[in-house]
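# A closer look at the structure
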Amino acid sequence: MASPEEVRLDQLPHALLATIMTKLDVASICSLATTASTFRSCAKHILSFLPNFHLIDVAPSGNLLTPLLPRNPYLKSLKVDCDRLDDSSISLLVKPSLHELSLYNCSDFSGKLLSEIGTQCKDLRSLYLGSVAEKRGRSIHISDLEELLTGCSQLEVLILMFDVSLFLRHNLARVWASASEKLTSLEIGYISSVTVIELFSSNLGSHQPLNPIQPSILPGIQKLCLSVNYITDAMVNTISKGLVFLTHLDLRDAPFVEPRITFDLTNAGLQQINQHGRLKHLSLIRSQEFIICYFRRVNDLGLLLMADKCANMESICLGGFCRVTDTGIKTILHSCSRLYKLKVTHGTQLTDLVFHDISATSLTLTHVSLRWCKLLTNHSVFSLTSNKELKVLDLRDCRSLGDEALRAIGILLRLKILLIDGSDITDAGLSYLRSTVINSLYALSLRGCKRLTDKCITVLFDGCGKLELRDLDLSNLPNLSDNGVLELAKSRIPFLDLRMRQCPLIGDTSIMALASMMTDDAGWYESGLRLLDMYNCGGITPLAFRWLKKPYFPRLKWLGVTGSVNRDMVDALARSRPFLYVACNGEELGPDPCDMSDGLYTHDYDEVDEFEQWLLEADIDEADIENDDEEMVDAENEEEPIM
């Protein structure tokens, strides 16, 4: 009989193995299944009763997904990245037992996806659909939306992250009238303000003359998040009157042209907000995605009128209010005693006076974002840090901040996210973060702090020991070179996201150092990076692509490079690593840390490396991968020798 230490894991009782494996994520289950027939049999069994199936960190093909989603009457939650799927996979994804369904990147699906969900998923409580029918040749009809809303009668949360304005507007209100009465949270990727007014002002209840008060559509909504063409007085008024239980209102617009007064927000519109007194979270953002545009018809008076009804507010986000001064924001700070989150973007008239007497309030701010507020100086940060409980501080593009601001920030022992892009800080100033703040930080962004040099790496990380830092942005630092990256690699900090785009002195040496970065005390030489953005780094040559191939960077999911280095090699790399997203047009990768601040920017990554993904790739022929590797070698050989 074998001694206990000689018993292999696959010799444990089947029931015990199944119990252990159900604690793993889907990718890890599949990886384990490839190592022994016992594990393979066990995995096949548990996939038929697993309650949650989440595979959002890779985009599986239909062939890969088919054996992973067998008939399973116990499946309650399904989350999948559908970037490589289309309508032919609907039967795999749409299960009658589901209570939660999240499908991301559905650009190659048609409206049939919506109608099939409505037909099959009668018990669905939460639905997220992203980018449906965005690929050319795909379309959604109003009947598809109607079948979804009619069929999912138990729906509580609905997130449609695509352009709903594609539907015929004159039918939209009638269709939404059939939505679940239990719906409390609604988010829409894009919808016109006129359609919003029609939707929430429609009275489609009883038409009897003895019942003049008729219910509005979606009366139970508590959370509403919309992206529209214009935020207008009429729209805000309609929402505020019609949704009596509203606690969370998030409106964002991005005008193509400067809005006229009838299609804009004014002081009168702000006065209508929170008519029923239940609102806790308010966000009004005017994006400058297409043109430089502000809420030019709102001033301090508008915020004074709004503040009278907002004493119980906990979170306020205001973007693009160019005529609002210190007086308006101070009114909010002194009126909303429960406020913990404040976000102001493009506050062009805010000065240090806005926080001058904040210590006299009873506020306990934990999340503060002041982006593109260029008149703020170090004095503002000194006043702001009287809130010792701050966890998120976003001061991006406040260009007058310097080392004294870092001195003030250095007392914040609970800080998790610090974004200080474009400020006037120096290497020496970063030493104020060294003794305390660096130990608690999860994300740090120093993008565009042009006075920083290689020395900043040593100041921050030399001898610091084990840190929680997982996201570091060192982009657009003209004096950061390979020497600085070598010091970063020596620090052995297990970064997940590392951004160093637009650094002209960074080259192949940096990629080599990161590829062999030691991040494990046990002596494993392995880069744990999930995201690496080195777009437009001046010293990157085709030599670096040898270090971007397998087996280097085994966990990498997103890579930013310059496509013009060698387009053939970039394409061959993308083919040889099919689950690696290679971006070479300068697009930003990954999430914005401040947009995830409510969750303190904790990634929802599955614990899976690319080795596990290769084991999952049942639909990718090994010979094809070898051919892609050969293509990369051929592309390298075509280059002139690099001396």
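Residues numbered from 1 in each chain as written. Predicted model: local features only at pLDDT ≥ 70, side-chain atom pairs only at ≥ 80, totals over all residues. Heavy atoms only, no water.

The chain has the name F-box/LRR protein in an unreviewed UniProt entry, where Medicago truncatula is given as its organism.

## Describing the overall build of the chain
Definition in use: Numbering of helices and strands runs from the N terminus, with a helix taken as a DSSP run of H or I at least four residues long and a strand as a DSSP run of E at least two residues long. Type-normalised accessible area, obtained with a 1.4 Å probe on protein chains alone, sets the label of each residue: buried when under 20%, exposed when over 50%, and partly exposed for intermediate values. The contact definition used throughout considers only heavy atoms, calling two residues in contact when any of these lie within 4.5 Å. Areas reported here follow the Shrake-Rupley algorithm with a probe of radius 1.4 Å; residue values treat only the protein chains shown as occluding.
Across its full length, the chain holds 23 helices and 20 strands. Burial analysis of the chain (643 residues in total) assigns 54% to the buried set. Considering only residue pairs separated by 6 or more positions, the chain has 76% of its internal contacts joining residues 24 or more positions apart. Put simply, the chain shows about 27500 Å² of open surface, and 51% of that area lies on carbon and sulfur atoms.

## Concerning the pattern of salt bridges
Selection rule: We define a salt bridge as a contact between a side-chain nitrogen of Lys or Arg and a carboxyl oxygen of Asp or Glu at a distance within 4 Å.
All told, the structure shown has 22 salt bridges when counted by the stated rule. Here the salt bridges do not stand alone but share partners, grouping Arg-447, Asp-473, Arg-501, Asp-533 and Glu-588 into one network.

## With respect to the pairing of strand β10 (residues 315–319)
Note the cut-off: If DSSP finds at least two bridges between two strands, the strands pair. Consider the strands pointing away from the viewer: the crossover is right-handed when the path from the first strand over the helix to the second runs clockwise.
Within β10, 5 of the 5 residues are buried, leaving the element largely enclosed by the surrounding structure. On β10, burial covers both faces: Ser-315, Cys-317 and Gly-319 on one face and Ile-316 and Leu-318 on the other are all buried. Sheet analysis places strand β9 (residues 281–286) next to β10, joined by 5 bridges and oriented parallel. Looking at β10, one finds that Ser-283 is bridged to Cys-317. Examined bridge by bridge, β10 and strand β11 (residues 341–345) share 5 bridges and lie parallel to one another. Within β11, the residue paired with Leu-318 across the bridge is Val-344. After leaving β10, the chain enters helix α13 (residues 326–335) and then returns to the sheet as β11, a path that is right-handed.

## Structural notes on the packing of helix α12 (residues 300–307) against α13
Our working rule: Every axis corresponds to a line fitted to the C-alpha atoms, with the helix fit spanning only the stretch in contact, and the corresponding angles, defined between N-to-C directions, vary from 0 to 180 degrees. Small angles under 35 degrees read as roughly parallel and large ones over 145 as roughly antiparallel, with 65 to 115 read as roughly perpendicular and the rest as oblique. For a crossing to be left-handed, the near helix must be turned anticlockwise from the far one by less than a right angle; the clockwise case is right-handed. Residue type decides the class: Asp, Glu, Lys and Arg count as charged, Ala, Val, Leu, Ile, Met, Phe, Trp, Tyr, Cys and Pro as nonpolar, and the leftover types, Gly among them, as polar.
Axis separation between α12 and α13 bottoms out at 8 Å; the angle between their running directions is 15°. Between α12 and α13, the angle falls in the class roughly parallel. Seen from above, α12 lies across α13 with left-handed handedness. Taking contact as the criterion, the partners of Asp-300, Leu-303, Leu-304, Met-306 and Ala-307 in α12 are, on α13, Thr-327, Gly-328, Ile-329, Thr-331, Ile-332 and Ser-335. Its residues placed into classes, the contact of α12 with α13 shows 6 nonpolar, 4 polar and 1 charged.

## Topic: the packing of helix α9 (residues 193–201) against helix α10 (residues 233–242)
α10 packs onto α9 with a crossing angle of 25° between their chain directions and a minimal axis gap of 9 Å. In terms of their interaxial angle, α9 and α10 are classed as roughly parallel. Considering only the axes of α9 and α10, their crossing is left-handed. Contacts between α9 and α10 involve Ser-193, Val-196, Ile-197, Phe-200 and Ser-201 on the former and, on the latter, Ala-234, Met-235, Thr-238, Ile-239 and Gly-242.

## Some points on α9
The following threshold applies: In this description, one arc is meant: the one made by directions from the helix axis to the C-beta atoms.
Turning to α9, its buried residues number three or more, namely Ser-193, Thr-195, Val-196, Leu-199 and Phe-200. An end-on view of α9 places all buried positions within 150° of arc, on one side of the element.

## Quick word on the environment of Ile-411
You can see Ile-411 is positioned in the loop between α15 (403–409) and β14 (417–419). The exposure class of Ile-411 is partly exposed, given its relative accessible area of 41%. Along the backbone, Ile-411 and Tyr-432 are 21 residues apart, and their C-alpha atoms lie at a distance of 8.8 Å. In this structure, Ile-411 is in contact with Thr-385 and Lys-388, ignoring residues within four places of it in sequence.

## Things to note about the confidence of the model for the chain
Here is the rule we go by: By definition, pLDDT measures how confident the predictor is in each residue, and it falls between 0 and 100.
Confidence in the prediction for the chain averages 86 pLDDT; 86% of positions are at 70 or higher. In this model residues 596–623 is a low-confidence stretch, pLDDT under 50, and it forms 79 contacts with partners more than four residues away in sequence or in other chains.

## Examining the state of the cysteines
Stated precisely, the cut-off is as follows: Pairs of cysteine sulfur atoms within 2.5 Å are what we label disulfides.
Throughout the structure, instances matching the rule amount to 0 disulfides. The thiol of Cys-322 is unpaired, and the distance to the nearest cysteine sulfur, on Cys-293, comes to 9.0 Å.

## Considerations on the nonpolar core
We count it as follows: The term nonpolar core refers to a set of buried residues drawn from Ala, Val, Leu, Ile, Met, Phe, Trp, Tyr and Cys, joined through side-chain atoms within 4.5 Å.
Ile-117, Leu-145, Trp-176, Ile-239 and Ile-409 are the most contacted members of the largest nonpolar core, which has 187 residues in total. Those residues in contact with Ile-117, other than ones at most four positions away along the chain, are Val-94, Leu-101, Leu-124, Leu-127, Leu-129, Leu-148 and Cys-152.

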